[in-house]
Amino acid sequence: MSDLIPEVGSTFALPKLELDGLLSNLRKFGYQPIGPRVEDNVITYAPLSSLDDLPRGYTSEQDAGRYRLIYTGHPRYFDVTPGAQSWKQFLFPPRSLIFSARRDDGKWKIQEETKALPSYAFIGVRPCELAALLIQDRVFLREEWSDSIYRLSRQSAFILSMNCLHPCGTCFCASMGTGPKAETGFDLSLTELDDMFMITIGSEAGRLALGGLNLQPASAFLLQAVSKGLEDARKRMGRNIPDTEALPELLLGNLEHPQWDDVARRCLSCTNCTQVCPTCFCWDASDQLSISGNSSQRTRVWDSCFNPDYSYIAGGNTRPNTRARYRQWLTHKMASWKHQFDVLGCVGCGRCITWCPAGIDLTAEIAALREEKVTS
Amino acid sequence: MTQIALSSMSLVTTKPMLPSWAEIMNIQAEAPGIATYSLRFVDHLVRKNYAFRPGQFNMLYLPGYGEAAISISSDPENRETLDHTIRSTGNVTQNIARLKVGDQIGIRGPFGTSWPVEQFMGADLIIATGGVGAPSLRPVIYHVMRHRQDYGRVVLLYGARTPKDLQYTNEYESWEKAGIETMITVDRADESWTGHVGVVSILFYRLRMDPKKSVIMTCGPEIMIRYVVFEALARRVPSSHIFVSLERNMKCGLGQCGHCQIGPYFVCKDGPIFSYEALEPYYSVEEL
């Protein structure tokens, strides 16, 4: 053990294999470490038992409607950009029970859903994903009301973020101001070099988690390698949206633009973009009645503004076609979200581009909306 | 070593999503497919703490069927029971229509913004409504009857498809008596009908109003709202004095499930009642 005194805000070097010690520290403190793993040729987020579970040597090739996981054998554990899953599934589960109702002697009684939640340690949260958590905080943790599942798992979550040195083809976090470096909101922030992690302590919990580990001084050489790597990453974003400040006005000022008709001809309204989006928060509630008719479970499930039922009311459907639904999605994400939560709803992770079966690319749609209309 | 993981023992609570039971005390048939249900919370503490403002709504719940967002149609100052006037049309409301006196309905609420009755004391109120929009405005009528001296002229423009479809028919006389000018119209008359024929918005042509003193409150079918707003604006009522109530798909009432959005607004919490001034940029776009 070194003589270095770790403090919140300070940066150290950590030999790669020491990460195993960090995971066991976290486990000792009661956390369940969750991190990237290879499953069915895609990166998923699942419990980690050791460093060997991590996707060391993998990289991913991503483009509109295309995802390929490639093994190159490089020495880095966290070089691969995220797959379809996001951390959202742990804080805002795809399906959760709201309450059960039981009928006894003709009268219904409601049983509130109460259960204990595990404390998660999220290992390898990308800066764009961390930004997505901070955005969902604004959605689920409001002054007047907060979602209890989200609040409890969020408060107890340990966040180890991982800066990005190798963005993929659909990444545009640099445009959205969310990456490639995490600035805030982490307990520990790591950058992975070939033979070292550089580690910055973001909180007291982060400091404690480093207990007993072989921390080494952050040499000027290593620090420079990190800043050079991040600078290069910034230049290698696969996608780009210029002038994001102007987006709310651009989108809400072009609600009748012919581009909405154009994209509606390509969009399948399949909901993939909303399911993979780390900030999309819409949900539906439905009842499952038992066969006896005497008990019912009310559950919350992820919904999507692309579902036909989403905007259905007795008088008809307020968004009866794909044009209206795509317009709602993009204008919400990139414009009205700002009015609602004081930030845009997009973090530039590129999932909606990668996982769109029709290869629709929101950065291209926005570029088309920006083009001067040709009037004849 | 310090224990830093906090909450492996913390418990989830889903309270804001839990309904309270209310018993049906009375069912008043209003029109074909429409009835008013008087409800009383079973739990006396809930009953004591429950208060709503005119225009707010509840989420009504039937186990196995789900929830529906329905306006509260009773007197806000009656703290014993509350009314919902419901048209049997969807999954939940069709099954509410099968209930009897003594049966129970789950209620969450009240939710949303209210009609600006306090903001516009002294003004002329023009209430324009049709179909099952009327229940949302009935609490305003109750409020005016209790505080008539607080307002100038109060006019009700109310329409239904046929005379049989009119709701609250036994109350018009008391409204008139309380100083509410009640103008009623039907789209299609029958042989018994001697009143106005035509859509609600044409009643504006029979109305002499002072646009500078008037506040418009309107709720009903979207097409009716659009024409009422058109007639009001044509008479130079400022858009900040026109209030509309919107209907959208809703699952939570908390501005959370996302369904009810129009532009930047969550209709369940930023609405359902909006000033037209705030709503216009979005309401004027089709299918938004």
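All values derive from a computational prediction rather than experimental measurement.

Caption draft 1: Geometry of the overall build of chain A. Regarding its fold elements, chain A presents 13 helices and 16 strands. Relative to the compact-globule value of 21 Å for 376 residues, chain A shows a C-alpha radius of gyration of 22 Å, a close match. Dimensions of chain A, computed from C-alpha atoms along their principal axes, come out at roughly 75 × 70 × 40 Å. By the burial criterion, 48% of the 376 residues in chain A qualify as buried.

Caption draft 2: Molecular detail of the domain arrangement of chain A. Residue and element names in this part refer to chain A. Considered domain by domain, chain A is made up of domain 1 (11-235) and domain 2 (244-370). On a C-alpha basis, the centroid separation for the pair domain 1 and domain 2 is 25 Å. With 37 residues of domain 1 at the interface, the matching set in domain 2 holds 34 residues. At the level of elements, β5 (66-71), β6 (95-104), α3 (127-140) and α5 (173-176) are the ones that each hand at least two residues to the side of domain 1 that touches domain 2. Top contributing element to the side of domain 1 that touches domain 2 by residue count: β6, with 9 residues. For the side of domain 1 that touches domain 2, the per-class residue count stands at 21 nonpolar, 9 polar and 7 charged.

Caption draft 3: Spatial organisation of the nonpolar core. Judged by nonpolar contacts, the single largest core of 176 residues is most densely connected at F122(A), L160(A), I216(B) and V244(B). Counting residues per element, this core draws most heavily on α3(A), which supplies 7 residues. Setting aside residues no more than four positions away along its own chain, L160(A) makes contact with A121(A), F122(A), I123(A), G124(A), V125(A), F186(A), D187(A), L188(A) and L190(A).

Caption draft 4: Local environment of the confidence of the model for chain B. All names here are of chain B. Residues at a pLDDT of 70 or more form 95% of chain B, whose mean pLDDT is 94. Note that pLDDT drops below 50 for residues 1-10; the model gives that stretch 29 contacts with residues more than four away or on any other chain. Reported for the predicted complex are a pTM of 0.94 and an ipTM of 0.93.

Caption draft 5: Broad picture of the environment of V347(A). Residue and element names in this part refer to chain A. Relative to the assigned elements, V347 resides in the loop between α11 (322-341) and α12 (351-354). V347 sits in the buried class, given 28 other C-beta atoms within 10 Å. Beyond its immediate sequence surroundings of up to four residues, V347 is in contact with C128, A131, A132, I135, C173, M176, T178, P278 and T279.

Caption draft 6: Main features of the sheet that holds strand β4 (residues 66-71) of chain B. Residue and element names in this part refer to chain B. The strand order β4-β3-β6-β1-β2-β5 describes an open sheet built from 6 strands, whose pairing is antiparallel. Unpaired on one side and paired on the other, β4 and β5 (82-87) mark the two borders of the sheet. The sheet shows a mean angle of 40 degrees between the axes of neighbouring strands, taken without regard to direction. Summarising the sheet, strand β1 (residues 20-31) and strand β6 (residues 104-111) pair through 4 bridges and their orientation is antiparallel. The residue bridging W21 from the neighbouring strand is G106, located in β6.

Caption draft 7: View of helix α4 (residues 148-156) of chain A. The element α4(A) is extensively covered by neighbouring structure, given that 7 of its 9 residues are classed as buried. Three or more residues of α4(A) are buried, namely S148(A), I149(A), Y150(A), L152(A), S153(A), R154(A) and S156(A).

Caption draft 8: View of unusual backbone geometry. For the bond from G179(A) to P180(A), the omega torsion is 10 degrees, close enough to zero to count as cis. Locating P180(A) in the fold gives a position in the loop between α5 and β10 (188-192). Residue P110(B) is bonded to the preceding G109(B) through a cis peptide linkage, with omega at -5 degrees. By the secondary structure assignment, P110(B) is in strand β6. One non-glycine residue, E287(B), lies in the positive phi region at around 60 degrees. Structurally, E287(B) is set in the segment after α7 (276-283).

Caption draft 9: Expanded view of the interface of chain B and chain A. If you look at the interface, chain B gives 43 residues, while chain A gives 52 residues. Looking at side-chain class alone, the side of chain B that touches chain A contains 20 nonpolar, 17 polar and 6 charged residues.

Caption draft 10: Broad picture of the sheet that holds strand β2 (residues 31-39) of chain A. Residues and elements named next belong to chain A. Taken together, 8 strands build an open sheet; the order of strands is β3-β2-β8-β9-β10-β11-β1-β12 and the sheet is mixed. Bordering the open sheet on either side are β3 (42-47) and β12 (216-217), each of which pairs with just one other strand. Bridge count between β10 and strand β11 (residues 196-201): 5 bridges; the pairing is antiparallel. Its bridge partner lying in β11, L190 is registered against I199.

Caption draft 11: Main features of the environment of Q111(A). Residues and elements named next belong to chain A. Locating Q111 in the fold gives a position in strand β7 (residues 107-112). Along the primary structure Q111 and S100 are separated by 11 residues, whereas in three dimensions their C-alpha atoms are 5.2 Å apart. Excluding residues within four positions of it along the chain, Q111 makes contact with F99, S100 and R102.

Caption draft 12: Structural view of the environment of E77(B). All names here are of chain B. Its place among the elements puts E77 in the loop between β4 and β5. Take E77: there are 11 C-beta atoms within 10 Å of it, and that puts it in the exposed class. Taking the C-alpha atoms as reference points, E77 and G271, separated by 194 residues in sequence, lie 22 Å from one another.

Caption draft 13: Spotlight on the packing of helix α9 (residues 259-266) of chain A against α11(A). Residue and element names in this part refer to chain A. Between α9 and α11, the shortest axis-to-axis distance is 8 Å and the interhelical angle comes to 110 degrees. With respect to α11, the element α9 is oriented roughly perpendicular. Mapping the contact onto sequence places W260, D261, V263 and A264 in α9 and T322, R323, Y326 and R327 in α11. Class assignment for the residues of the contact of α9 with α11 results in 4 nonpolar, 1 polar and 3 charged.

Caption draft 14: Region of the structure containing the domain arrangement of chain B. All names here are of chain B. Taken domain by domain, chain B holds domain 1 (17-111) and domain 2 (124-245). Taken over C-alpha atoms, the centre of domain 1 sits 24 Å from the centre of domain 2. The interface of domain 1 with domain 2 comprises 15 residues on the first partner and 15 residues on the second. Those elements that place two or more of their residues in the side of domain 1 that touches domain 2 are β1 and β5. Taken together, the residues of the side of domain 1 that touches domain 2 sort by class into 6 nonpolar, 5 polar and 4 charged.

Caption draft 15: Structural view of the pairing of β11(A). All names here are of chain A. For β11, the tally of buried residues reaches 6 of 6 residues, placing the bulk of the element in the interior. The alternating pattern of β11 places M196, M198 and T200 and F197, I199 and I201 on opposite faces, both of which are buried. By the bridge criterion, 5 bridges tie strand β1 (residues 11-15) to β11 in an arrangement that is antiparallel. Note that in β11 the partner of P15 across the bridge is M196. Counted between consecutive antiparallel strands, the loop separating β10 from β11 contains 3 residues.

Calculation notes
Residues numbered from 1 in each chain as written. Chains lettered and ligands numbered in written order. Predicted model: local features only at pLDDT ≥ 70, side-chain atom pairs only at ≥ 80, totals over all residues. Helix = DSSP H or I, 4+ residues; strand = E, 2+ residues; numbered from the N terminus. Rg over C-alpha atoms; globule rule 2.2 N^0.38 Å. Buried ≥ 20, exposed ≤ 12 C-beta atoms within 10 Å, placed from the backbone. Domains from an automatic or database assignment. Contact = placed C-beta atoms within 7 Å. Nonpolar A, V, L, I, M, F, W, Y, C, P; charged D, E, K, R; others polar. Core = buried A, V, L, I, M, F, W, Y, C linked by C-beta atoms within 7 Å. pLDDT = per-residue confidence, 0-100. Pairing = 2+ DSSP bridges. Axes fitted to C-alpha atoms, helices over the stretch in contact; angles between N-to-C directions. Parallel < 35°, antiparallel > 145°, perpendicular 65-115°, else oblique.

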